[in-house]
Amino acid sequence: MRKALLLASLILYGCGSVAPEKGVVLRVANWGGAGDDGEFYTLVRKLYEEFEAENPGIKIQVEGIPGSQEYVSKVLLSHVAHSAPDIITLDASSSAVFIENNVLRDLTPYIESDREFKLDDYYPNVLDIARRGEALYAIPGDFTPMVVYYNKQLFDEAEVAYPNPNWNRAEFLQTARALTKDGKHGFVFTTWMPGWIMWLWNSGGDVFDMGDRGDGGELGDPSSNSPSSPPSPTVVLDSPQNIDTVTWLRDLITKHQVSPSLSATAAQGVDPFANGTAAMQVSGHWAMVGLKAQKNIQMDRLGVVPMPSENGRSQTVMYESGFAIGKYCKNPEAAWKFIKFMTSYEVQKRYNATGIAICARKDVSQERAIDPLEKSFIDIVPNARGPWGAKIVGYDLVEEIGQKMMDSVMKNGVKPSVALRKAAEEIRVELGKR
């Protein structure tokens, strides 16, 4: 699901482009399959054609690899065989795999020698997702922070004040309780780990502790610039803070009943928030694409606010997609031209009209912020940080373990302390194998 939000995950231009008899062929890898004839895909094909027209002698050959795990493994194998694609789509959730395995070129020399390209055009914390010290391994295309969506119509019907951006857990619970009536719930909880890890952060906990990074970054912040490969993480998922937070999340369903049980949600067969029967949910910018098609949702009645925080500074995770150049790329100058083109103001302005995410360029995203909902997203960006998958190889397994842990608590009644200790030990074992 998280792959669906990102720029390059939707660049489905199609495989098997015909290679020119002469000139440069740029192989562009992404985790999509074959495209279709819809308006969006027509736009992407047109952008590629425009790039080729502006750069005679360069042809684009897109290599779509369906499935995120298949994408990672196949690109890594091709790298070992010195046959990796020239352009590699970098998803924040798995970027550590490519960066730590030396699959990518440092883009800094190309940036420094290009007078037209300006890093200041991009959000610094988004850029930092693919940064290691002075080295930068990708230019971001688009991204989204995770936020709390709320349905203003349900708030108005229940005569409940809209959320305060500086709220805490107690205020969140009070709001959810006031909204839970007449067959509707105040909130809908999902056990998908990217949708709840921020509750840990905002309650003083985390999954890992990276120790004193010595680089000015926050303790445990996966977006901090480490001058070299990050140190081995200490697993702290079973900390007292996290036990308290997971217990509180469980109680939203079992004790306070402000969120439907997982079985009740499954029995409905629909998303309670999209169906207009839950007033709040946690999701990313991509959710708006689906919500626009829902008859029970009025887009001008939607709002977004930061995650509730116990420490006075809300934090959230952001998922991003960027363009990187493979280490063995034979035509890196041509590849850099492609990246510049795809991340340019003109191209991003047209592309970002799809609305699936926030453009990583400040100029494009802030132009779209004339829409109040878009502005609310932009206001949250400074407090967003990259996922642990941007720093820790194998984090995809951690997210699988995290979801299994939360399922055991929410579905099977396992005590949070027991479930967290078991999950923490599983993570230690898995990371120890790498």
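Numbering of residues starts from 1 in each chain and follows the order in which that chain's sequence is written. Local features in a predicted model are, by the rule used here, given only for residues with pLDDT of at least 70; side-chain atom pairs are given and counted only at 80 or more, and totals for whole chains, interfaces and linings are based on all residues. Water and hydrogen atoms play no part in the side-chain values, which are based on all heavy atoms of the structure.

## Description of the overall build of the protein
Secondary structure elements follow DSSP: runs of H or I no shorter than four residues count as helices, runs of E no shorter than two count as strands, and numbering proceeds from the N terminus. Along its length, the protein carries 17 helices and 14 strands. The classification of residues rests on relative accessible area computed with a 1.4 Å probe and restricted to protein chains. Under 20% of the type maximum is buried, over 50% is exposed, and intermediate values are partly exposed. Residues counted as buried form 58% of the 434 residues belonging to the protein. In what follows, a contact means two residues having at least one pair of non-hydrogen atoms within 4.5 Å. A separation threshold of at least 6 residues defines the contact pool for the protein, and within that pool the share at least 24 residues apart is 78%.

## Quick notes on unusual backbone geometry
Notably, Asn102 is not glycine yet its phi reads approximately 60°, a positive angle. Here Asn102 is to be found in the loop between α3 (95–100) and α4 (108–112). In this structure Asn102 comes out as partly exposed when scored by relative accessible area, which is 39%. One non-glycine residue, Glu159, lies in positive phi territory at about 55°. By secondary structure assignment, the location of Glu159 is in the loop between α6 (152–157) and α7 (169–179).

## Describing the side chain of Ser365
You can see Ser365 is positioned in helix α14 (residues 362–368). A relative accessible area of 2% places Ser365 in the buried class. In the analysis that follows, any N or O atom pair within 3.5 Å is treated as a polar contact, provided that within protein one partner can donate a hydrogen and the other can accept it, and provided that, for residues neighboring in sequence, both atoms belong to side chains. Side-chain polar atoms of Ser365 contact the backbone oxygen of Arg361, separated by 3.1 Å. Excluding residues that lie within four positions of it along the chain, Ser365 makes contacts with Tyr123, Ile358, Cys359 and Ile378.

## Digging into the nonpolar core
Nonpolar cores are built from buried Ala, Val, Leu, Ile, Met, Phe, Trp, Tyr and Cys residues. Side-chain atoms within 4.5 Å join them into one set. In terms of nonpolar packing, the biggest core is built from 119 residues, with Tyr149, Val207, Phe208, Met280 and Phe338 touching the most fellow members. Discounting chain neighbours no more than four positions away, the residues touching Val207 are Met193, Ile197, Leu200, Thr234, Val235, Val236, Leu237, Trp388, Val398 and Ile427. Ile65, Val75, Ala135 and Tyr137 belong to the second largest nonpolar core, which has 18 residues in total.

## Quick look at the confidence of the model for the protein
Known as pLDDT, the predictor's per-residue confidence is scaled from 0 to 100. When pLDDT is averaged along the protein, the result is 89, and 88% of the positions lie at 70 or above. Contacts from residues 1–21, a stretch scored under 50 in pLDDT, to residues over four places away or in other chains number 76 contacts. Residue range residues 224–228 is modelled with pLDDT below 50. Its contacts to residues more than four positions away, or to other chains, number 17 contacts.

## Observations regarding the packing of aromatic side chains
Between 30 and 60 degrees the pair is tilted, below 30 it is stacked and above 60 it is edge-to-face, where a pair is any two Phe, Tyr or Trp rings, Trp via its six-membered ring, whose centres lie within 6.5 Å. The full count for this structure, using the stated rule, is 23 aromatic pairs. Centre to centre, the rings of Trp199 and Trp248 are 5.2 Å apart; their planes meet at 50°, and the pair counts as tilted. Of this pair, Trp199 sits in helix α8 (residues 197–201) while Trp248 sits in helix α9 (residues 240–254), placing them 49 residues apart in sequence. Of the two residues, Trp199 and Trp248, neither departs from the other in class, the shared state being buried. Ring pairing ties together the aromatic residues Tyr48, Phe51, Phe323, Phe338 and Phe341, which thus form one cluster. Criterion for a charge above a ring: Arg CZ or Lys NZ at most 6 Å from the ring centre, at most 35 degrees from the ring normal. A cation sits over an aromatic face here: Arg361 above Tyr122, 5.7 Å from the ring centre. The ring of Trp201 has Arg385 sitting right over it, with the charged end atom 3.5 Å from the ring centre.

## With respect to the environment of Met318
Position of Met318 among the secondary structure elements: in strand β12 (residues 316–325). Take Met318: its relative accessible area is 0%, and that puts it in the buried class. Once the C-alpha coordinates of Met318 and Met146 are considered, the two residues, 172 residues apart in sequence, prove to be 6.1 Å apart. Not counting the four nearest positions on each side in its chain, Met318 is found in contact with Asn125, Val126, Ile129, Phe143, Thr144, Pro145, Ala384, Arg385, Gly386 and Pro387.

## Things to note about the sheet that holds strand β10 (residues 280–283)
Strand pairing follows a simple DSSP-based rule, namely that at least 2 bridges must link the two strands. Strand order in the open sheet formed by three strands is β10-β7-β11, and the pairing between neighbours is antiparallel. Edge positions in the open sheet fall to β10 and β11 (302–305), since each of these has one partner strand only. Adjacent strand axes in the sheet meet at a mean angle of 30° when their direction is disregarded. Pairing geometry for strand β7 (residues 147–151) and β11, over four bridges, is antiparallel. Across the sheet, Asn151 pairs through a bridge with Leu302, a residue of β11. Axis definition: a line fit to C-alpha positions, over the contact stretch in the case of helices; interaxial angles, taken between N-to-C directions, run 0 to 180 degrees.

## Some words on the pairing of strand β1 (residues 24–30)
For β1, a buried count of five out of seven residues is recorded, marking the element as mostly surrounded by other parts of the structure. Bridge count for β1 against strand β2 (residues 58–64) is seven bridges, and the pairing is parallel. Residue pairing across strands places Val25 opposite Lys59, the latter belonging to β2. Strand direction decides the pairing type here: β1 and strand β3 (residues 87–91), joined by two bridges, are parallel. Residue pairing across strands places Val28 opposite Ile87, the latter belonging to β3.

## Quick word on the pattern of salt bridges
When the charged atoms of two side chains lie near each other, side chains of opposite charge can form a pair. Basic side-chain nitrogens of Lys or Arg form a salt bridge, by our definition, when they fall within 4 Å of a carboxyl oxygen of Asp or Glu. By the definition in use, this model includes 19 salt bridges. Of the charged contacts, one joins Arg27 and Glu63 as a salt bridge, the two residues approaching to 2.5 Å between their closest N and O atoms. Separated by 36 residues along the polypeptide, Arg27 in strand β1 and Glu63 in strand β2 bring together distant segments of the chain. Glu426 is the salt-bridge partner of Lys404, the closest N and O atoms lying 3.1 Å from each other.

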